[in-house]
Structures are given as C-alpha cells and as structure tokens.
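Here is what each chain is made of, one letter per residue.
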Amino acid sequence: MQTYQFRNVERNDFPMLGEWLRSPELLKWWGDPEEEHRLIRHDINDPKINLMIVSLNEMPFAYVQDYCVHDWPQDYFASFPPTTRAIDTFIGIDEMIGKGHGHGYLGQHIENLISHGAEQIVIDPYVANERAIKAYEKSGFKKHSEHETHEGRICLMTYV
C-alpha cells in the first residue's frame, strides 16, 4: 500500500495548480480554469476550508480540499450531522489517473478526517463523471441521491 503525503497549499503552488486545471480531463469537470484558480487563490486565506497538495514519493500529483458542509450550505447537505466534511479533489497529472492513486490518497485523507472528529464524509461528483464515481465507490462511498445544481446534475455520495 502506498503512503501519500499531504501538505497545505502554498502560494508557490499556484502556477502548478493553474497548469493542472487547464488539463483536458479537468476542463471537463472543473469548469473554467481561470475561475477555479481564482477560487483556490481566494480560499487559501479561509480557515474554514483545508486546501492540500497530495504527493507520492515527493512528487505532487493531486489536489484535495475539505470543508464543513454547513459552512457552504447546499440544500442537499442540510440533513447531515454538524461535523460532516465534504471533499473536492482531482488528480492533476494525467499519467497518475487510472492507477489506483485516487482510491489510495482518498482513503488516507478520510481516515485523517474521521480521526479528527468528522461524523460523516460526503462527495458530490457530476452524475456524468462515471470514472470519479467508480473511484469514489472503490474508496468506500455509496450513492446517496442525485440533485440538480446551477453547475449541473450531481451524485451526492456518502462514505460508509
């Protein structure tokens, strides 16, 4: 089993994140790379959201963020316990996709969130993002419900 390293996003990561967000795979699911990059740059100063770079053998390859669902309220999060954490994540290096790394680092990250008091973990990929949904199911998530959002139809998944 691989051991992944997590560290907080730093300002010197912005060029790398910008490059990752412009990759064809991420353009499909994360939208306008300039807007997403702006949001990450803004959120680096927000203590309510954890922004992290994931590395393997000291090579950064993924981004993960987590936050309390009640700090960014969506109707579909309303019934979850107060310590529920939502995760957003992507693999930024194409060569690392499809090799089990998403499952690997998500498992480590989820264990850390639970050990720090999260009662529930949720994730909400687009319904059409079948690859992500399969990876999240492999990581222990199950489909909970589908919801229409201003960005498209999502599949709310809960960690079991």
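To be clear, the structure that these remarks concern was listed above.
Residues numbered from 1 in each chain as written. Predicted model: local features only at pLDDT ≥ 70, side-chain atom pairs only at ≥ 80, totals over all residues. Heavy atoms only, no water.

Draft legend 1. A look at the nonpolar core. In terms of nonpolar packing, the biggest core is built from 24 residues, with Phe61, Ile87 and Tyr105 touching the most fellow members. At the level of secondary structure, the elements contributing two or more residues to this core comprise β2 (49-56), β3 (59-68), β4 (85-91), α4 (101-115), β5 (121-123), α5 (130-138) and β7 (152-159). Sorting elements by how many residues they give to this core places α4 first, with 4 residues. In this view, Phe61 contacts Tyr4, Trp20, Val54, Ser55, Leu56, Ile91, Gly92, Ile93, Met96, His101 and Tyr105; residues no more than four positions away in its chain are not counted. (Core = buried A, V, L, I, M, F, W, Y, C linked by side-chain atoms within 4.5 Å. Buried < 20%, exposed > 50% of the residue type's maximum accessible area, 1.4 Å probe, protein only. Helix = DSSP H or I, 4+ residues; strand = E, 2+ residues; numbered from the N terminus. Contact = heavy atoms within 4.5 Å.)

Draft legend 2. Structural detail: the pairing of β3. Where burial is concerned, most of β3 is hidden: 8 out of the 10 residues are buried. Pairing geometry for β2 and β3, over 8 bridges, is antiparallel. Along β3, the bridge assignment pairs Ser55 with Pro60. Connecting the antiparallel pair β2 and β3 is a turn made up of 2 residues, with Asn57 showing a positive phi of about 50 degrees. When β3 meets β4, the two strands line up antiparallel, connected through 7 bridges. Bridging from a neighbouring strand, Cys68 pairs with Arg85 of β4. (Pairing = 2+ DSSP bridges.)

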